[in-house]
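What follows is the residue order along each chain.
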Amino acid sequence: MDVNLLPLLPAAQVLLTALVVLLLDLFLKENEKGLLAWIGLLGLVLCGIEGMLLWGSQDTTFGGTLVLDNFALFSTQIFLSAAGLTILASIQYIRETRINEGEFYALILFATVGMIVMAAANDLIVFFLGLETMSVAVYVLTGMWRSSSRSSEAAMKYFLMGAFATGFLLYGIALIYGATGSTNLNEISANLVEPVAECPLYLGGGVLLVLIGFAFKVGAVPFHFWIPDVYEGAPTPVTGFMSVAVKAAAFAAWVRILMHKLSPFDSDLAGPLWLMAVATMTVGNLLALTQPSVKRMLAYSSIAHAGYLLIA
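Engineer: Any chance you could explain unusual backbone geometry here in plain terms?
Structural biologist: Leaving glycine aside, a negative phi is the common case for residues, and trans is the common case for peptide bonds. That bond from Val-221 to Pro-222 is cis: its omega, 10 degrees, falls within 30 degrees of zero. Not every positive phi belongs to a glycine, and Arg-98 is a case in point at roughly 60 degrees. Classification of Arg-98 as exposed rests on a relative accessible area of 76%.

Engineer: Help me understand the environment of Gly-271, please; the structure alone is not making it clear to me.
Structural biologist: As for its placement among the helices and strands, Gly-271 is situated in helix α11 (residues 266-289). When the C-alpha atoms of Gly-271 and Thr-17 are compared, they prove to be 44 Å apart, with 254 residues separating the residues in sequence.

Engineer: So what exactly am I meant to see when it comes to the side chain of Thr-180 here?
Structural biologist: Relative to the helices and strands, Thr-180 is located in helix α6 (residues 149-180). Overall, the relative accessible area of 14% leaves Thr-180 in the buried class. Among the polar contacts listed, one links the side chain of Thr-180 to the backbone oxygen of Ser-182, at a separation of 3.1 Å. Excluding anything up to four places from it in sequence, Thr-180 contacts Ile-188, Asn-191 and Leu-203.

Engineer: Whenever I open this one, the packing of helix α2 (residues 34-53) against helix α3 (residues 70-96) confuses me. Can you help?
Structural biologist: When two helices pack together, you describe them by how their axes are tilted relative to each other and by the distance separating the axes. The contact between α2 and α3 brings their axes to 10 Å, and the two run at 170 degrees. If you check the angle between α2 and α3, you find them roughly antiparallel. Once α2 is placed against α3, the crossing between them reads as left-handed. Along its contact with α2, which presents Gly-34, Ala-37, Trp-38, Gly-40, Leu-41, Leu-44, Cys-47, Gly-48, Gly-51 and Met-52, the element α3 presents Leu-73, Thr-76, Gln-77, Leu-80, Ala-83, Gly-84, Ile-87, Leu-88, Ile-91 and Arg-95. In the contact of α2 with α3, the residues fall into 12 nonpolar, seven polar and one charged.

Cut-off values and rules
- Within each chain, residues carry numbers counting from 1 in the order of the written sequence.
- Two thresholds apply to this predicted model, a pLDDT of at least 70 for residue-level local features and 80 or more for giving and counting side-chain atom pairs, whereas whole-chain, interface and lining totals are computed over all residues.
- Side-chain descriptors were evaluated using all non-hydrogen atoms of the structure, hydrogens and water having been removed beforehand.
- Remark: exposure states derive from per-residue accessible area (1.4 Å probe, protein chains only) relative to the maximum for the residue type, with buried under 20%, exposed over 50%, and partly exposed in between.
- Under the DSSP-based scheme used, a helix requires at least four consecutive residues in state H or I and a strand at least two consecutive residues in state E, with every element numbered from the N terminus.
- Any N or O atom pair separated by 3.5 Å or less is treated as a polar contact, with the protein-specific requirement of one donor-capable and one acceptor-capable atom, and with residues adjacent in sequence counted only for side-chain atom pairs.
- Contact criterion: two residues are considered in contact whenever any of their non-hydrogen atoms come within 4.5 Å of each other.
- Only the stretch in contact is used when a helix axis is fitted, and all axes are lines through C-alpha atoms; the angle between N-to-C directions ranges over 0 to 180 degrees.
- Should an angle lie under 35 degrees it is considered roughly parallel, over 145 roughly antiparallel, and from 65 to 115 roughly perpendicular; all remaining angles are considered oblique.
- A crossing counts as left-handed when the near helix is turned anticlockwise from the far one by less than a right angle, and as right-handed when that turn is clockwise.
- When residues are grouped by polarity, Ala, Val, Leu, Ile, Met, Phe, Trp, Tyr, Cys and Pro land in nonpolar, Asp, Glu, Lys and Arg in charged, and all others, Gly among them, in polar.

The structure is reproduced here in structure tokens:
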């Protein structure tokens, strides 16, 4: 199999930057570690420039499991912008809270690598690998303020709820594989050319479980209960990163998998999505009104915004 390395370039650039930051953290003195933030930003800027130069590409690699197209590149620019702003917002914050700078910036970059893979994945297993790369990094970022009990509590809640959502997602992928014999989205889509009514019943169940897994990740009602506590307990720059980049990555994967490759199920998913969008907008806005904490209010506002995005 010929391997085209071009689709790997954006993720590889950010991964290399993360490894450089992680290694330099071992050798720099405490008063020199501010340099790590600027190295991380430089890597993100270089990746953004590469994305602009690659615009218009239509490449695949590893048997079509990873694609480089305008959708993936556009999503990548969103992730890079969110990561860059998070690093800039964190420079003074993590010094005041005594969070380890090298680990913090490296984890932001590792999470960004997972997001880029999620947006470019054309295979359910590759998507799952990107999702877990992002999720594990964000779990650790949530609990990095070790002197704060709220941060530790938020990390534990996020980890448990994230693992629960991952179970739904993985079981849904297993059912889709059992029905179609493949995890490659092109092959799955080709199998759905025949009427959906003739497909195995558990294929629909698998798609529904994947939908539930995505709903957990974007914080849609009724799968939103983890968001207020996690957003309130996490370090403030991490809260901003989760509310933008993590949600954008989940929606990017949602668009590629459910709206494009599994589009024959559009009519079946319209009803549940309609109810989910209305409930998410309504519950998010109503509960935001009663919050005494600014971060909890913003958390419920974020839930409501997920409902607005679900309309599309």
